[in-house]
Number of protein chains: 2
Amino acid sequence: MLTLHDFYRSSASFRVRIALNLKRLRYEQIVHDLDTGAHQQPRYVAINPQGLLPALVAGRQVLSQSLAILEFLEITYPDPPLLPAKPAEQARVRALFQAVAADIHPLTTMRVGHYLKTAFSCDDAAVLRWKQHWLVDGLSAIETMLAADPATGQFCHRDRVSFADIALVPQIVSAQKLGIVIDEFPTVARIVGDCMQLQPFRDAHPDAWTPHLNSN
Amino acid sequence: MLTLHDFYRSSASFRVRIALNLKRLRYEQIVHDLDTGAHQQPRYVAINPQGLLPALVAGRQVLSQSLAILEFLEITYPDPPLLPAKPAEQARVRALFQAVAADIHPLTTMRVGHYLKTAFSCDDAAVLRWKQHWLVDGLSAIETMLAADPATGQFCHRDRVSFADIALVPQIVSAQKLGIVIDEFPTVARIVGDCMQLQPFRDAHPDAWTPHLNSN
(Lines give C-alpha, C1' and ligand atoms only; values in the text may rest on other atoms or scores of the structure.)
Protein backbone atom coordinates (compact mmCIF):
# COMPACT_ATOMS: atom_id res chain seq x y z
CA MET A 1 0.00 0.00 0.00
CA LEU A 2 1.43 3.37 -1.09
CA THR A 3 0.31 6.72 0.30
CA LEU A 4 1.59 10.01 -1.08
CA HIS A 5 1.63 13.16 1.01
CA ASP A 6 0.86 15.53 -1.79
CA PHE A 7 -0.33 18.89 -3.06
CA TYR A 8 -1.22 19.74 -6.62
CA ARG A 9 1.16 22.69 -6.85
CA SER A 10 4.20 21.00 -5.29
CA SER A 11 6.67 20.51 -8.10
CA ALA A 12 8.56 17.78 -6.25
CA SER A 13 5.29 15.91 -5.58
CA PHE A 14 4.41 16.24 -9.27
CA ARG A 15 7.65 14.33 -10.05
CA VAL A 16 6.60 11.47 -7.79
CA ARG A 17 3.07 11.37 -9.22
CA ILE A 18 4.57 10.98 -12.72
CA ALA A 19 6.81 8.11 -11.59
CA LEU A 20 3.95 6.35 -9.80
CA ASN A 21 1.78 6.69 -12.90
CA LEU A 22 4.53 5.48 -15.27
CA LYS A 23 5.03 2.41 -13.09
CA ARG A 24 1.24 1.91 -12.94
CA LEU A 25 1.22 1.96 -9.14
CA ARG A 26 -1.97 2.75 -7.29
CA TYR A 27 -1.68 5.08 -4.36
CA GLU A 28 -3.73 7.07 -1.93
CA GLN A 29 -3.16 10.75 -1.42
CA ILE A 30 -3.07 12.77 1.76
CA VAL A 31 -3.40 16.42 0.86
CA HIS A 32 -1.49 19.21 2.62
CA ASP A 33 -2.47 22.69 1.44
CA LEU A 34 0.77 24.66 0.96
CA ASP A 35 -1.24 27.87 0.88
CA THR A 36 -2.43 27.41 4.46
CA GLY A 37 0.89 26.03 5.72
CA ALA A 38 -0.57 22.58 6.41
CA HIS A 39 2.82 21.06 5.55
CA GLN A 40 4.38 22.81 8.54
CA GLN A 41 1.83 21.66 11.10
CA PRO A 42 3.07 19.28 13.82
CA ARG A 43 0.99 16.46 12.37
CA TYR A 44 2.97 16.46 9.12
CA VAL A 45 6.34 17.44 10.61
CA ALA A 46 6.07 14.33 12.80
CA ILE A 47 6.04 12.36 9.52
CA ASN A 48 8.63 14.42 7.65
CA PRO A 49 10.80 16.61 9.91
CA GLN A 50 11.74 18.81 6.96
CA GLY A 51 8.10 19.84 6.61
CA LEU A 52 8.46 19.58 2.83
CA LEU A 53 6.34 17.73 0.31
CA PRO A 54 6.28 15.02 -0.87
CA ALA A 55 6.58 12.05 1.45
CA LEU A 56 5.70 8.52 0.37
CA VAL A 57 4.54 5.95 2.88
CA ALA A 58 5.33 2.43 1.67
CA GLY A 59 4.18 -0.08 4.25
CA ARG A 60 5.95 0.95 7.44
CA GLN A 61 8.55 3.06 5.64
CA VAL A 62 8.23 6.83 5.35
CA LEU A 63 10.30 8.14 2.46
CA SER A 64 11.05 11.80 1.77
CA GLN A 65 12.83 13.71 -1.00
CA SER A 66 11.56 13.08 -4.51
CA LEU A 67 14.87 11.71 -5.81
CA ALA A 68 15.17 9.23 -2.96
CA ILE A 69 11.56 8.16 -3.59
CA LEU A 70 12.20 7.72 -7.33
CA GLU A 71 15.30 5.60 -6.68
CA PHE A 72 13.29 3.49 -4.20
CA LEU A 73 10.49 2.97 -6.73
CA GLU A 74 13.05 2.09 -9.42
CA ILE A 75 14.54 -0.68 -7.27
CA THR A 76 11.25 -1.94 -5.88
CA TYR A 77 9.14 -1.72 -9.05
CA PRO A 78 11.65 -1.97 -11.91
CA ASP A 79 9.08 -2.18 -14.70
CA PRO A 80 9.13 0.01 -16.72
CA PRO A 81 12.68 1.20 -16.02
CA LEU A 82 13.12 4.93 -15.55
CA LEU A 83 16.92 4.77 -15.58
CA PRO A 84 19.09 3.40 -18.41
CA ALA A 85 21.07 0.22 -17.78
CA LYS A 86 24.65 1.48 -18.18
CA PRO A 87 26.26 3.30 -15.24
CA ALA A 88 27.59 6.21 -17.33
CA GLU A 89 24.16 6.69 -18.93
CA GLN A 90 22.55 6.60 -15.51
CA ALA A 91 25.00 9.30 -14.46
CA ARG A 92 23.87 11.51 -17.34
CA VAL A 93 20.22 11.06 -16.36
CA ARG A 94 20.90 11.75 -12.70
CA ALA A 95 22.97 14.82 -13.60
CA LEU A 96 20.06 16.21 -15.63
CA PHE A 97 17.74 15.48 -12.72
CA GLN A 98 20.01 17.38 -10.35
CA ALA A 99 20.46 20.25 -12.81
CA VAL A 100 16.76 20.84 -12.18
CA ALA A 101 16.30 19.58 -8.63
CA ALA A 102 19.44 21.11 -7.10
CA ASP A 103 20.33 24.01 -9.38
CA ILE A 104 16.95 25.51 -10.33
CA HIS A 105 14.08 24.35 -8.17
CA PRO A 106 15.48 25.21 -4.69
CA LEU A 107 15.95 28.84 -5.76
CA THR A 108 12.36 29.23 -6.94
CA THR A 109 10.37 27.75 -4.07
CA MET A 110 7.61 29.44 -2.13
CA ARG A 111 9.72 29.53 1.04
CA VAL A 112 12.53 31.38 -0.76
CA GLY A 113 10.10 33.93 -2.20
CA HIS A 114 8.62 34.42 1.24
CA TYR A 115 12.04 34.99 2.79
CA LEU A 116 13.03 37.49 0.09
CA LYS A 117 9.91 39.47 0.99
CA THR A 118 10.38 39.39 4.75
CA ALA A 119 14.18 39.73 4.98
CA PHE A 120 14.89 42.00 2.01
CA SER A 121 11.53 43.79 1.68
CA CYS A 122 11.20 42.57 -1.90
CA ASP A 123 7.88 43.21 -3.62
CA ASP A 124 6.15 40.65 -5.84
CA ALA A 125 7.86 42.00 -8.96
CA ALA A 126 11.32 41.60 -7.45
CA VAL A 127 10.56 38.04 -6.32
CA LEU A 128 9.33 37.25 -9.84
CA ARG A 129 12.54 38.65 -11.37
CA TRP A 130 14.59 36.54 -8.94
CA LYS A 131 12.76 33.36 -9.92
CA GLN A 132 12.94 34.18 -13.64
CA HIS A 133 16.68 34.79 -13.37
CA TRP A 134 17.40 31.33 -11.97
CA LEU A 135 14.96 29.65 -14.34
CA VAL A 136 16.59 31.23 -17.41
CA ASP A 137 20.08 30.56 -16.05
CA GLY A 138 19.35 26.91 -15.30
CA LEU A 139 17.26 26.15 -18.38
CA SER A 140 19.93 27.68 -20.63
CA ALA A 141 22.47 25.22 -19.23
CA ILE A 142 20.05 22.31 -19.59
CA GLU A 143 19.23 23.29 -23.16
CA THR A 144 22.95 23.16 -23.96
CA MET A 145 23.38 19.83 -22.13
CA LEU A 146 20.54 18.37 -24.21
CA ALA A 147 21.14 20.03 -27.59
CA ALA A 148 24.87 19.27 -27.66
CA ASP A 149 24.65 15.59 -26.76
CA PRO A 150 23.85 12.82 -29.26
CA ALA A 151 22.41 10.80 -26.37
CA THR A 152 19.41 13.14 -26.37
CA GLY A 153 16.55 11.52 -28.28
CA GLN A 154 12.81 11.88 -28.25
CA PHE A 155 13.22 12.32 -24.52
CA CYS A 156 16.09 13.71 -22.40
CA HIS A 157 17.96 10.44 -22.66
CA ARG A 158 17.40 8.55 -25.91
CA ASP A 159 13.84 7.45 -26.64
CA ARG A 160 12.72 6.36 -23.20
CA VAL A 161 11.28 8.45 -20.42
CA SER A 162 13.65 8.72 -17.47
CA PHE A 163 14.20 10.55 -14.19
CA ALA A 164 15.46 13.49 -16.29
CA ASP A 165 12.08 14.04 -17.98
CA ILE A 166 10.35 13.54 -14.64
CA ALA A 167 12.31 16.48 -13.21
CA LEU A 168 12.08 18.64 -16.31
CA VAL A 169 8.33 18.63 -16.95
CA PRO A 170 7.21 19.98 -13.55
CA GLN A 171 9.91 22.65 -13.68
CA ILE A 172 8.69 23.77 -17.09
CA VAL A 173 5.06 23.86 -15.94
CA SER A 174 6.17 26.15 -13.10
CA ALA A 175 8.35 28.25 -15.40
CA GLN A 176 5.49 28.89 -17.80
CA LYS A 177 3.32 30.09 -14.92
CA LEU A 178 6.15 32.50 -14.07
CA GLY A 179 6.19 33.97 -17.59
CA ILE A 180 9.17 32.11 -19.06
CA VAL A 181 8.89 31.62 -22.84
CA ILE A 182 9.82 27.99 -23.25
CA ASP A 183 10.31 28.22 -27.01
CA GLU A 184 13.58 29.98 -26.25
CA PHE A 185 14.79 26.53 -25.14
CA PRO A 186 13.82 24.52 -28.23
CA THR A 187 15.13 21.10 -27.22
CA VAL A 188 13.56 21.42 -23.79
CA ALA A 189 10.27 22.57 -25.37
CA ARG A 190 10.21 19.67 -27.82
CA ILE A 191 10.87 17.05 -25.13
CA VAL A 192 8.33 18.49 -22.71
CA GLY A 193 5.77 18.61 -25.53
CA ASP A 194 6.33 14.93 -26.21
CA CYS A 195 6.13 14.03 -22.52
CA MET A 196 2.82 15.85 -22.23
CA GLN A 197 1.38 13.56 -24.91
CA LEU A 198 1.77 10.69 -22.45
CA GLN A 199 -1.12 9.91 -20.11
CA PRO A 200 1.06 9.34 -16.99
CA PHE A 201 2.35 12.91 -17.30
CA ARG A 202 -1.11 14.33 -18.08
CA ASP A 203 -2.68 12.59 -15.11
CA ALA A 204 0.02 13.93 -12.77
CA HIS A 205 -0.33 17.54 -13.98
CA PRO A 206 -1.66 20.09 -11.46
CA ASP A 207 -4.52 20.87 -13.87
CA ALA A 208 -5.69 17.26 -13.59
CA TRP A 209 -5.72 17.42 -9.80
CA THR A 210 -8.69 15.43 -8.48
CA PRO A 211 -7.27 13.76 -5.42
CA HIS A 212 -8.86 10.71 -3.86
CA LEU A 213 -8.26 12.47 -0.67
CA ASN A 214 -7.79 11.83 2.95
CA SER A 215 -7.49 15.51 3.66
CA ASN A 216 -5.21 16.34 6.56
CA MET B 1 41.99 6.67 -15.34
CA LEU B 2 39.98 9.19 -13.31
CA THR B 3 40.39 12.96 -13.57
CA LEU B 4 38.54 15.34 -11.28
CA HIS B 5 37.82 18.92 -12.30
CA ASP B 6 38.19 20.40 -8.89
CA PHE B 7 38.74 23.38 -6.61
CA TYR B 8 39.56 23.25 -2.93
CA ARG B 9 36.68 25.47 -1.88
CA SER B 10 33.97 23.79 -3.99
CA SER B 11 31.73 21.99 -1.53
CA ALA B 12 30.35 19.64 -4.20
CA SER B 13 33.90 18.75 -5.29
CA PHE B 14 34.82 18.08 -1.65
CA ARG B 15 32.03 15.44 -1.61
CA VAL B 16 33.55 13.66 -4.60
CA ARG B 17 37.08 13.82 -3.16
CA ILE B 18 35.79 12.10 0.01
CA ALA B 19 34.13 9.33 -2.02
CA LEU B 20 37.21 8.79 -4.19
CA ASN B 21 39.37 8.57 -1.06
CA LEU B 22 36.98 6.20 0.73
CA LYS B 23 37.03 3.91 -2.29
CA ARG B 24 40.83 4.20 -2.46
CA LEU B 25 40.73 5.43 -6.05
CA ARG B 26 43.64 7.37 -7.50
CA TYR B 27 42.79 10.38 -9.59
CA GLU B 28 44.35 13.38 -11.23
CA GLN B 29 43.06 16.86 -10.59
CA ILE B 30 42.47 19.70 -13.00
CA VAL B 31 42.10 22.88 -11.00
CA HIS B 32 39.64 25.65 -11.88
CA ASP B 33 39.95 28.70 -9.65
CA LEU B 34 36.42 29.76 -8.68
CA ASP B 35 37.75 33.12 -7.57
CA THR B 36 38.92 34.03 -11.07
CA GLY B 37 35.88 32.50 -12.80
CA ALA B 38 37.97 29.78 -14.47
CA HIS B 39 34.96 27.44 -14.23
CA GLN B 40 33.01 29.67 -16.58
CA GLN B 41 35.65 29.89 -19.29
CA PRO B 42 34.81 28.26 -22.65
CA ARG B 43 37.44 25.58 -22.09
CA TYR B 44 35.59 24.20 -19.05
CA VAL B 45 32.06 24.94 -20.25
CA ALA B 46 32.86 22.77 -23.29
CA ILE B 47 33.39 19.93 -20.79
CA ASN B 48 30.51 20.77 -18.43
CA PRO B 49 27.88 23.09 -19.98
CA GLN B 50 26.62 24.03 -16.53
CA GLY B 51 30.01 25.58 -15.77
CA LEU B 52 29.81 24.12 -12.26
CA LEU B 53 32.33 22.04 -10.36
CA PRO B 54 32.96 19.17 -10.08
CA ALA B 55 33.18 17.04 -13.20
CA LEU B 56 34.76 13.61 -13.23
CA VAL B 57 36.31 12.21 -16.38
CA ALA B 58 36.26 8.41 -16.34
CA GLY B 59 37.78 7.09 -19.55
CA ARG B 60 35.77 8.73 -22.30
CA GLN B 61 32.86 9.62 -20.02
CA VAL B 62 32.46 13.08 -18.56
CA LEU B 63 30.26 13.00 -15.48
CA SER B 64 28.84 16.05 -13.73
CA GLN B 65 26.79 16.65 -10.57
CA SER B 66 28.27 15.22 -7.38
CA LEU B 67 25.33 12.91 -6.66
CA ALA B 68 25.44 11.41 -10.15
CA ILE B 69 29.20 10.92 -9.76
CA LEU B 70 28.77 9.24 -6.36
CA GLU B 71 26.13 6.86 -7.73
CA PHE B 72 28.44 6.05 -10.66
CA LEU B 73 31.36 5.34 -8.33
CA GLU B 74 29.10 3.19 -6.13
CA ILE B 75 28.12 0.98 -9.07
CA THR B 76 31.55 0.87 -10.68
CA TYR B 77 33.68 0.53 -7.55
CA PRO B 78 31.34 -1.09 -4.99
CA ASP B 79 33.98 -1.65 -2.31
CA PRO B 80 33.58 -0.24 0.29
CA PRO B 81 29.85 0.39 -0.13
CA LEU B 82 28.68 3.94 0.57
CA LEU B 83 24.99 3.02 0.43
CA PRO B 84 23.22 0.46 2.63
CA ALA B 85 21.87 -2.68 1.00
CA LYS B 86 18.13 -2.34 1.66
CA PRO B 87 16.11 -0.06 -0.63
CA ALA B 88 14.30 1.74 2.21
CA GLU B 89 17.61 2.37 3.98
CA GLN B 90 19.12 3.65 0.74
CA ALA B 91 16.16 6.01 0.50
CA ARG B 92 16.91 7.41 3.94
CA VAL B 93 20.56 8.00 3.00
CA ARG B 94 19.64 9.65 -0.30
CA ALA B 95 17.04 11.82 1.44
CA LEU B 96 19.67 13.05 3.90
CA PHE B 97 22.00 13.73 0.97
CA GLN B 98 19.33 15.79 -0.76
CA ALA B 99 18.42 17.62 2.45
CA VAL B 100 21.92 19.09 2.14
CA ALA B 101 22.50 19.10 -1.62
CA ALA B 102 19.07 20.37 -2.69
CA ASP B 103 17.71 22.19 0.35
CA ILE B 104 20.76 23.95 1.82
CA HIS B 105 23.73 24.11 -0.51
CA PRO B 106 22.08 25.71 -3.60
CA LEU B 107 20.94 28.66 -1.47
CA THR B 108 24.43 29.35 -0.12
CA THR B 109 26.58 29.25 -3.25
CA MET B 110 28.89 31.96 -4.50
CA ARG B 111 26.70 32.60 -7.54
CA VAL B 112 23.66 33.22 -5.34
CA GLY B 113 25.60 35.61 -3.12
CA HIS B 114 26.84 37.43 -6.20
CA TYR B 115 23.33 37.78 -7.60
CA LEU B 116 21.97 39.08 -4.29
CA LYS B 117 24.61 41.81 -4.44
CA THR B 118 24.04 42.82 -8.06
CA ALA B 119 20.25 42.46 -8.29
CA PHE B 120 19.20 43.49 -4.78
CA SER B 121 22.15 45.72 -3.82
CA CYS B 122 22.83 43.55 -0.77
CA ASP B 123 26.01 44.24 1.14
CA ASP B 124 28.28 41.53 2.53
CA ALA B 125 26.45 41.50 5.86
CA ALA B 126 23.07 40.92 4.19
CA VAL B 127 24.48 38.09 2.06
CA LEU B 128 25.94 36.51 5.19
CA ARG B 129 22.57 36.74 6.99
CA TRP B 130 20.89 35.13 3.97
CA LYS B 131 23.33 32.19 3.98
CA GLN B 132 23.12 31.78 7.76
CA HIS B 133 19.32 31.72 7.58
CA TRP B 134 19.24 28.79 5.15
CA LEU B 135 22.02 26.96 6.97
CA VAL B 136 20.22 27.17 10.31
CA ASP B 137 16.89 26.29 8.72
CA GLY B 138 18.29 23.26 6.89
CA LEU B 139 20.57 22.02 9.65
CA SER B 140 17.73 22.22 12.18
CA ALA B 141 15.68 19.87 10.01
CA ILE B 142 18.62 17.52 9.52
CA GLU B 143 19.35 17.50 13.26
CA THR B 144 15.74 16.41 13.86
CA MET B 145 15.91 13.79 11.09
CA LEU B 146 19.05 12.35 12.69
CA ALA B 147 18.24 12.72 16.40
CA ALA B 148 14.73 11.29 16.10
CA ASP B 149 15.64 8.16 14.12
CA PRO B 150 17.03 4.98 15.69
CA ALA B 151 18.76 4.25 12.36
CA THR B 152 21.24 7.01 13.18
CA GLY B 153 24.41 5.47 14.58
CA GLN B 154 28.01 6.53 14.78
CA PHE B 155 27.40 8.03 11.35
CA CYS B 156 24.27 9.41 9.69
CA HIS B 157 23.07 5.92 8.85
CA ARG B 158 24.09 3.28 11.38
CA ASP B 159 27.81 2.72 11.86
CA ARG B 160 29.02 2.97 8.28
CA VAL B 161 29.95 6.05 6.33
CA SER B 162 27.46 6.75 3.53
CA PHE B 163 26.48 9.37 0.97
CA ALA B 164 24.75 11.22 3.81
CA ASP B 165 27.99 11.85 5.70
CA ILE B 166 29.70 12.76 2.43
CA ALA B 167 27.15 15.55 1.92
CA LEU B 168 27.05 16.65 5.54
CA VAL B 169 30.75 17.17 6.25
CA PRO B 170 31.49 19.70 3.46
CA GLN B 171 28.32 21.63 4.33
CA ILE B 172 29.41 21.86 7.97
CA VAL B 173 32.90 22.99 7.01
CA SER B 174 31.28 25.80 4.97
CA ALA B 175 28.81 26.60 7.72
CA GLN B 176 31.56 27.01 10.31
CA LYS B 177 33.38 29.45 8.02
CA LEU B 178 30.11 31.42 7.86
CA GLY B 179 29.89 31.68 11.64
CA ILE B 180 27.39 28.92 12.39
CA VAL B 181 27.87 27.36 15.83
CA ILE B 182 27.67 23.67 15.07
CA ASP B 183 27.28 22.63 18.70
CA GLU B 184 23.69 23.86 18.43
CA PHE B 185 23.12 20.76 16.27
CA PRO B 186 24.57 18.13 18.62
CA THR B 187 23.91 14.99 16.56
CA VAL B 188 25.30 16.66 13.45
CA ALA B 189 28.33 17.88 15.40
CA ARG B 190 29.02 14.43 16.85
CA ILE B 191 28.82 12.69 13.46
CA VAL B 192 30.95 15.27 11.69
CA GLY B 193 33.51 15.01 14.48
CA ASP B 194 33.71 11.25 13.98
CA CYS B 195 33.98 11.61 10.19
CA MET B 196 36.86 14.04 10.59
CA GLN B 197 38.78 11.35 12.47
CA LEU B 198 38.89 9.36 9.24
CA GLN B 199 41.80 9.91 6.86
CA PRO B 200 39.67 9.93 3.64
CA PHE B 201 37.72 12.91 5.02
CA ARG B 202 40.86 14.65 6.31
CA ASP B 203 42.66 14.25 2.99
CA ALA B 204 39.68 15.70 1.09
CA HIS B 205 39.35 18.76 3.35
CA PRO B 206 40.09 22.16 1.80
CA ASP B 207 42.80 22.71 4.41
CA ALA B 208 44.65 19.65 3.05
CA TRP B 209 44.53 20.99 -0.52
CA THR B 210 47.75 20.05 -2.28
CA PRO B 211 46.59 19.18 -5.76
CA HIS B 212 48.66 17.09 -8.12
CA LEU B 213 47.67 19.58 -10.63
CA ASN B 214 47.23 20.02 -14.28
CA SER B 215 46.20 23.63 -13.83
CA ASN B 216 43.72 24.84 -16.41
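Predicted model, so just to flag it, every value in this text is computed and none were measured.

Along chain A, the regular secondary structure elements total 9 helices and 4 strands. Tracing chain A from N to C terminus, the helices and strands come up as β-α-β-α-β-β-α-α-α-α-α-α-α. For a compact globule of 216 residues, the expected C-alpha radius of gyration is about 17 Å, and chain A comes in at 17 Å, within 12% of that figure. Each principal axis of the C-alpha atoms in chain A carries an extent, and together these give about 50 × 45 × 30 Å. When burial is assessed residue by residue, chain A has 45% of its 216 residues classed as buried. In chain A, once contacts between residues fewer than 6 apart in sequence are set aside, the share between residues at least 24 apart is 70%.

Right, let's talk about the relation of the copies chain B and chain A for a bit. Expressed as a screw transformation, the operator carrying chain B onto chain A has a rotation angle of 180° and an axial translation of 0.0 Å, and the superposed copies differ by an RMSD of 0.0 Å. What the superposition gives is, in effect, a two-fold axis relating one chain to the other. By C-alpha distance to the rotation axis, the residue of chain B lying nearest is B:Ala102, at 2.2 Å. Taken together, the interface assignments show that 100% of the residues at the interface of chain B recur at the interface of chain A, consistent with an identical surface on both copies.

Looking now at helix α8 (residues 186–195) of chain A. All names here are of chain A. Of all the residues in α8, the buried ones are Val188, Ile191, Val192 and Cys195. Buried positions in α8, seen along its axis, are confined to an arc of 100° and lie on one side of it. Facing away from the buried side of α8 by over 90 degrees, the exposed positions are Pro186 and Gly193. Those residues of α8 that are buried lie in contact with α6 (124–147), α7 (163–177) and α9 (199–204).

This brings us to the domain arrangement of chain A. All names here are of chain A. Each domain of chain A was delimited in the assignment, giving domain 1 (2–80 + 202–208) and domain 2 (87–198). For domain 1 versus domain 2, the separation of C-alpha centres amounts to 20 Å. Contacts between the two partners involve 12 residues from domain 1, matched on the other side by 15 residues from domain 2. Among the secondary structure elements, those contributing two or more residues to the side of domain 1 that touches domain 2 are α1 (11–22) and α3 (66–76).

What follows is about the interface of chain B and chain A. Each partner contributes to the interface: chain B provides 35 residues, whereas chain A provides 35 residues. Residues that form the side of chain B that touches chain A fall into these classes: 23 nonpolar, 9 polar and 3 charged.

A separate point is the sheet that holds strand β4 (residues 61–64) of chain B. Residue and element names in this part refer to chain B. Pairing within the open sheet is mixed, and its 4 strands lie in the order β2-β1-β3-β4. Edge positions in the sheet fall to β2 (28–31) and β4, since each of these pairs with one other strand and no more. When the angles between neighbouring strand axes are averaged without regard to direction, this sheet yields 20°. Inspection of the sheet shows strand β1 (residues 2–6) paired to strand β3 (residues 55–58) by 4 bridges, in the antiparallel sense. Bridge pairing in β3 links threonine 3 to valine 57.

Our next topic: the nonpolar core. Judged by nonpolar contacts, the single largest core of 112 residues is most densely connected at A:Leu96, A:Leu168, B:Leu96 and B:Leu168. Those residues in contact with A:Leu168 that lie beyond four places of it in its chain are A:Val100, A:Cys156, A:Val188, A:Ile191 and A:Val192.

It is worth spelling out the environment of B:Ala99 at this point. Structurally, B:Ala99 is set in helix α4 (residues 87–101). Every residue in contact with B:Ala99, bar those within four places of it in the chain, is listed here: A:Gln50, A:Gln65, B:Gly138, B:Ala141, B:Ile142 and B:Met145.

Before going further, it helps to spend a moment on the pairing of strand β4 (residues 61–64) of chain A. All names here are of chain A. The pairing of strand β3 (residues 55–58) with β4 spans 4 bridges and is classified as antiparallel. Considered in β4, the bridge of alanine 55 is made with serine 64. The turn linking β3 back onto β4 is made up of 2 residues, and glycine 59 within it adopts a positive phi angle of 65°.

With that settled, the discussion passes to the confidence of the model for chain A. Looking at chain A, the pLDDT average stands at 95 and 98% of residues meet or exceed 70. Both scores are given for the predicted complex: the pTM is 0.97, the ipTM 0.96.

Criteria and cut-off values
Residues numbered from 1 in each chain as written. Chains lettered and ligands numbered in written order. Predicted model: local features only at pLDDT ≥ 70, side-chain atom pairs only at ≥ 80, totals over all residues. Helix = DSSP H or I, 4+ residues; strand = E, 2+ residues; numbered from the N terminus. Rg over C-alpha atoms; globule rule 2.2 N^0.38 Å. Buried ≥ 20, exposed ≤ 12 C-beta atoms within 10 Å, placed from the backbone. Contact = placed C-beta atoms within 7 Å. Least-squares fit on C-alpha atoms with pLDDT ≥ 70 in both. Arc of directions from axis to C-beta. Domains from an automatic or database assignment. Nonpolar A, V, L, I, M, F, W, Y, C, P; charged D, E, K, R; others polar. Pairing = 2+ DSSP bridges. Axes fitted to C-alpha atoms, helices over the stretch in contact; angles between N-to-C directions. Core = buried A, V, L, I, M, F, W, Y, C linked by C-beta atoms within 7 Å. pLDDT = per-residue confidence, 0-100.

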